[in-house]
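So the chains spell out like this:
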Amino acid sequence: MKEILQNARKAKGLLSRELANLLGVDQSLISKFENGKRLPSEKQLIELSNVLSINLDELKKAWLTQKILGDVKKYTFAEEVLFMVNEALASYAPKREFEDLSIEKTLDEIDSMKKNLDQVREFENYRITEALELEYTYESNRIEGNTLTLRETDMVVNKGLTVSGKSLVEHLEAINHGDAIHYVKELVSKNSILTKRELLSIHNLILRGINQSEAGKFRRIQVMIQGSSHLPPPPYLVEKQMEDYFIWYERNRGNLHPVVLAAEMHERLVTIHPFIDGNGRTSRLIMNMILLQNGLVIANMKGDNTSRYAYYEALESVQSSGKKDSFIRYVAEIEKQSLERYLSILK
Ligand SMILES: Nc1ncnc2c1ncn2[C@@H]1O[C@H](COP(=O)(O)OP(=O)(O)OP(=O)(O)O)[C@@H](O)[C@H]1O
């Protein structure tokens, strides 16, 4: 742990004072982390991992080892206890139970398609991914009400052209969403972990130049979701609910199926509705970041009326019943269709 932190800081060319500033802590605390006198909190671990580009899982393993060692080393029967913990762990496998058995089946199908995908990844190329990402921008903005066609979206995003009769905002929405996909892919390639900072950066890109005063900021007013009976929490609860959102993510990202994790992170975010606008687009990007991090493909929800209605219905059902299955099933189906299409293109 000590070595990992010190080596990573030096590799980044940072002085401990500079690292302390980035983390907003005292310089002496960084020294204590590096000489093993103090352990970072779990929240600080995530910040350290992002700032120093250390794989969070590796950092957590070293951290937990040191934490457990600190607890057990004073006992003569430490080894025996560790052995017993190991035994107990074997029977402790938290598994999600679904009332709807079709979800389990779809997840199995996704797992086997992922195996197929891993075998044909060599045929992936940027022209295919660019075309699919363009479709994603087109559909996600269509859900929100953008009227650009797929071809017009291509003209705006890839060719830098303008489309007569379409508003400046619609142009910006297309460009911004394209940039947000690039940002998400960069996070995935750097193994960055999702934190408040990354979420706000994605939202900042989505509303850039459209609503600059609200871009990258949690809302300070009450909002309503048109056509829905779900009322998002009052503004003074948003910060706290978002803290809980990231705690939930940390607790679950290691043990839930990635599709279930992605669906829940999407649904939880739009249910809190932390932004004045752009909640749907941002949540879909968060969902897709998680899918890509896990070697899956972008789940492209469609913007035609029937698909959009099914999307809203699945969300409304979670919010009114408190049961997550309907939205997990919905996302799993979309991911399965997106994988099928991608595989057929590659093959
Ligand atoms: N019960 C619900 N019914 C409909 N939408 C809901 C519901 N709960 C949450 N939402 C989310 O709210 C989003 C709309 O919020 P907002 O207008 O802030 O997002 P947007 O990105 O601007 O637009 P959009 O999500 O339509 O692209 C929907 O796309 C959906 O993801």
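Small disclaimer: the values here were computed from a predicted structure and weren't measured.

(A) How the structure looks around the overall build of the chain. Of the regular secondary structure elements, the chain holds 16 helices and zero strands. At 22 Å, the chain has a C-alpha radius of gyration in line with the 20 Å of a compact globule built from 347 residues. The principal-axis extents of the C-alpha atoms in the chain amount to approximately 75 × 50 × 45 Å. For the chain, buried positions account for 31% of its 347 residues. When contacts within the chain are restricted to residue pairs at least 6 apart in sequence, long-range pairs at least 24 apart make up 63% of them.

(B) Region of interest: the domain arrangement of the chain. Taken domain by domain, the chain consists of domain 1 (2–90) and domain 2 (101–346). Once you take the C-alpha centre of each, domain 1 and domain 2 turn out to be 32 Å apart. Taken together, the contacts link seven residues of domain 1 with six residues of domain 2. Considering each element in turn, the side of domain 1 that touches domain 2 owes the most residues, four residues, to helix α4 (residues 42–51).

(C) Just the UniProt feature "site: Important for autoinhibition of adenylyltransferase activity" (unreviewed entry) in the chain, in detail. In the numbering used here, UniProt assigns the feature "site: Important for autoinhibition of adenylyltransferase activity" (unreviewed entry) to Glu-144. One can find Glu-144 in helix α8 (residues 126–144). Using a count of 17 C-beta atoms within 10 Å as the deciding quantity, one classes Glu-144 as partly exposed. Filtering out sequence-adjacent residues up to four positions away, Glu-144 remains in contact with Gly-280 and Arg-281.

Reading the values: rules and limits
- Residues numbered from 1 in each chain as written.
- Predicted model: local features only at pLDDT ≥ 70, side-chain atom pairs only at ≥ 80, totals over all residues.
- Helix = DSSP H or I, 4+ residues; strand = E, 2+ residues; numbered from the N terminus.
- Rg over C-alpha atoms; globule rule 2.2 N^0.38 Å.
- Buried ≥ 20, exposed ≤ 12 C-beta atoms within 10 Å, placed from the backbone.
- Contact = placed C-beta atoms within 7 Å.
- Domains from an automatic or database assignment.
- UniProt positions renumbered as here; feature names shortened; annotations may be inferred.

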